[in-house]
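Each chain is listed here by its residues.
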Amino acid sequence: MNDILTIAMPKGRIFEEAAALLRKAGYKLPPEFDDSRKLIIDVPEENLRFILSKPMDVATYVEHGVADIGIAGKDVLLEEERDVYELLDLKISGCYLAVAGLPDTKMNDVAPRVATKYPNVAEAYFREQGEQVEIIKLNGSIELAPLIGLSDRIVDIVSTGRTMRENGLVEYERIVDVTSRLIVNPVSYRMRDTQIDELVSRLHEVVSVGEL
Ligand code: PRP
């Protein structure tokens, strides 16, 4: 059996922290790893292949088994509910999902509208609150929605809070804290548990040290 492990990893904000974590765990990643436009990067010295994708797609690749392992935000895992195992909280890229909107505004009594990139999370959240809302799915720049009258509220990621601040929005409720997780395809895990456990334990060691 070929012993290359394929890891799906998001480009963007998680990428740098995840690469730093892998290096701390002793994996030698080449410099081209950090600023390349390549979507597949092989690191044969470590028996690793990386697939670089959009954050929302990482769990999809892992569920379909085209990647054995993935590094994905808890936000994506909550939204997508893919058939994958979550093995480790990597404690990187900390942020949270929140409900936000223009200051001093109430939600419309009749069919309030909520814009978000996370329709399932938002739907479940407002259902639990006993509020019936219309979800409007957007793909980015969610903060625009209340500014242009598309929605009363948004459900979105808050990291530094800068995007909300600079667009004059305020936070109304915090929904859930988010960090990046190591996920695995269940079949890969069964077939290659030794190899995967080694990766998990090396990462676990550096994650625990970071906590001290
Ligand atoms: C995310 C999120 C917010 C922003 C929050 O967007 O949707 O817009 O980051 O970060 P902050 O609190 O540090 O300002 P992202 O940059 O991923 O792009 P998007 O607009 O395409 O979702």
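Caption draft 1: Layout of the site of the ligand. Residues in contact with the ligand amount to 13 residues; listed here are only the nearest, R13, K117, T160, G161 and T163. K117 is positioned with one of its side-chain polar atoms (N or O) 2.4 Å from an oxygen atom of the ligand. Between the ligand and E143, the relevant distance is 2.7 Å, taken from an oxygen atom to a side-chain nitrogen or oxygen of the residue. Contact with the protein chains removes 73% of the 500 Å² of surface that the ligand exposes when unbound. Secondary-structure elements contributing two or more residues to the shell around the ligand are β9 (153-158) and α6 (162-166). Its residues assigned to classes, the shell around the ligand comprises two nonpolar, six polar and five charged.

Caption draft 2: Representation of unusual backbone geometry. The phi dihedral of K91 is positive, around 55°, even though this residue is not glycine. Following the sequence through the fold, K91 ends up in the loop between β5 (85-89) and β6 (95-101). Although it is not a glycine, A111 adopts a positive phi angle of roughly 45°. With respect to the element layout, A111 can be found in the loop between β6 and β7 (113-116).

Caption draft 3: Molecular detail of the sheet that holds β6. A sheet is described by the order of its strands in space; here five strands give the open sequence β8-β7-β9-β6-β10, paired in mixed fashion. Each end of this open sheet is capped by a strand with a single partner; those strands are β8 (134-137) and β10 (170-178). For this sheet, the mean inter-axis angle between neighbouring strands, taken without regard to orientation, is 25°. The pairing of β6 with β10 spans seven bridges and is classified as antiparallel. Paired with C95 across the two strands is V178, which belongs to β10.

Caption draft 4: Looking closely at the nonpolar core. By size, the foremost hydrophobic cluster in this structure holds 31 residues, and its most contacted members are M9, F50, L90, L182 and L203. Counting residues per element, the ones that place at least two in this core are β1 (5-10), α1 (13-24), β2 (40-43), β3 (48-53), β4 (69-73), β11 (180-184) and α8 (193-211). C95, A122, F126 and V155 belong to the second-largest nonpolar core, a separate cluster that totals 14 residues.

Thresholds applied
- Residues numbered from 1 in each chain as written.
- Predicted model: local features only at pLDDT ≥ 70, side-chain atom pairs only at ≥ 80, totals over all residues.
- Heavy atoms only, no water.
- Near = heavy atom within 4 Å.
- Polar contact = N/O pair within 3.5 Å; in protein donor to acceptor, adjacent residues only side chain to side chain.
- Areas by Shrake-Rupley, 256 points an atom, 1.4 Å probe, with all protein chains shown as cover.
- Helix = DSSP H or I, 4+ residues; strand = E, 2+ residues; numbered from the N terminus.
- Nonpolar A, V, L, I, M, F, W, Y, C, P; charged D, E, K, R; others polar.
- Pairing = 2+ DSSP bridges.
- Axes fitted to C-alpha atoms, helices over the stretch in contact; angles between N-to-C directions.
- Core = buried A, V, L, I, M, F, W, Y, C linked by side-chain atoms within 4.5 Å.
- Buried < 20%, exposed > 50% of the residue type's maximum accessible area, 1.4 Å probe, protein only.

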